[in-house]
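Spelled out from the first residue to the last, the chains are:
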Amino acid sequence: ITSFPKRLLFIGFLSHRKNQKFLIEVLPHLPKNEFVLDLVGVPLEESYLGELQDLAKALDVSVNFVGRVSHENVPKYLEKAHFFVSASLMEVQSLAVIEALASGTPVISLNNETTEELVDTKVGYNFPQDIEPAVFAEKILEYSQLSSQDYEKMCVNCRERVLHMDWQQVKEKTFKVYKDLI
């Protein structure tokens, strides 16, 4: 948490439903040059990518449009990130949020089906969908000023939150179900 600049990360398709526009609108409410938003993923519509790029330029904020990365390279981005940010308006089961938590990256998000279940103040913060970008930014700033000890505790909590979703545990539970049925 002491490294600079603070890195905010989103991984997934760039689309209106994923609401990256909101994440860019958060940045002007944070100290200039102290935060960078990395958007990893490809647009579902090229026009939306253009909108996001135009908005970032107009607001004069630091956004890296990373584009597509292989699944093997996702951990490199999670390792650099201080916070995974999500403004998705609807997610049935966001693997990106689950992977972020599994990597120990705190999540700051707007409420949807996945974040409602997994994100609370022990692992980040989950806002109602009608929150203003300035309020979202205040939470990012607050959490970025945590002591190293408190931030590390939050990272440990993230991993623990999704431990039950670890493939080995899921595999064992699945085998048990089949064994009980037979």
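The structure this text deals with has already been given above.
Please read all numbers here as calculations on a predicted model, not as lab measurements.

Looking at the largest pocket, its volume works out to about 450 Å³. Across the lining of the largest pocket, the residue classes break down as eight nonpolar, seven polar and five charged. Of the voids in this model, the second largest pocket is the one considered here, and its volume is about 250 Å³. If you trace the second largest pocket, you find 14 residues lining it, with Pro75, Leu78, Glu79, Ser103 and Thr105 closest to the centre. Of all elements in the fold, only helix 3 (74-80) and helix 7 (148-161) reach the threshold of two or more residues within the lining of the second largest pocket. Here the lining of the second largest pocket takes four residues from helix 3, the largest share from any one element. Split into classes, the residues belonging to the lining of the second largest pocket amount to seven nonpolar, four polar and three charged.

What the six strands build is an open sheet, ordered 3-2-1-4-5-6; its pairing is parallel. Taken across any chain shown, the strands that pair with only one partner, and hence form the sheet edges, are strand 3 (63-67) and strand 6 (124-127). Adjacent strand axes in the sheet meet at a mean angle of 20°, parallel and antiparallel pairs treated alike. Examined bridge by bridge, strand 2 (residues 35-40) and strand 3 share four bridges and lie parallel to one another. Residue pairing across strands places Leu37 opposite Val63, the latter belonging to strand 3.

This structure, assessed with the given rule, holds six aromatic pairs. Taken together, a centroid distance of 5.5 Å and an interplanar angle of 35° make the contact between Phe127 and Phe136 tilted. The same class applies to Phe127 as to Phe136, namely buried. Members of the aromatic cluster, joined through ring pairs, are Phe22, Tyr125, Phe127 and Phe136.

Our focus in this paragraph is the pairing of strand 4 (residues 83-86). Burial of the side chains of strand 4 extends over both faces: Phe83 and Val85 are buried on one face and Phe84 and Ser86 on the other. In this sheet, strand 4 lies alongside strand 1 (residues 6-11) in parallel orientation, the contact comprising two bridges. Directly across from Leu9, in strand 4, lies its bridge partner Phe84. Across three bridges, the pairing between strand 4 and strand 5 (residues 107-110) is parallel. The partner of Ser86 across the bridge, within strand 5, is Ser109. The handedness of the strand 4 to strand 5 crossover, carried by helix 4 (residues 95-102), is right-handed.

What counts, and at which threshold
Residues numbered from 1 in each chain as written. Predicted model: local features only at pLDDT ≥ 70, side-chain atom pairs only at ≥ 80, totals over all residues. Heavy atoms only, no water. 1 Å grid on protein atoms, 1.4 Å probe; cavity = no way out; pocket = protein on both sides within 12 Å on 5 of 7 lines; lining within 4 Å. Points joined across faces, edges and corners; volume = space filled by probe spheres on them. Nonpolar A, V, L, I, M, F, W, Y, C, P; charged D, E, K, R; others polar. Helix = DSSP H or I, 4+ residues; strand = E, 2+ residues; numbered from the N terminus. Pairing = 2+ DSSP bridges. Axes fitted to C-alpha atoms, helices over the stretch in contact; angles between N-to-C directions. Phe/Tyr/Trp six-rings, centres within 6.5 Å; stacked < 30°, edge-to-face > 60°. Buried < 20%, exposed > 50% of the residue type's maximum accessible area, 1.4 Å probe, protein only. Right-handed = clockwise from strand over helix to strand, strands pointing away.

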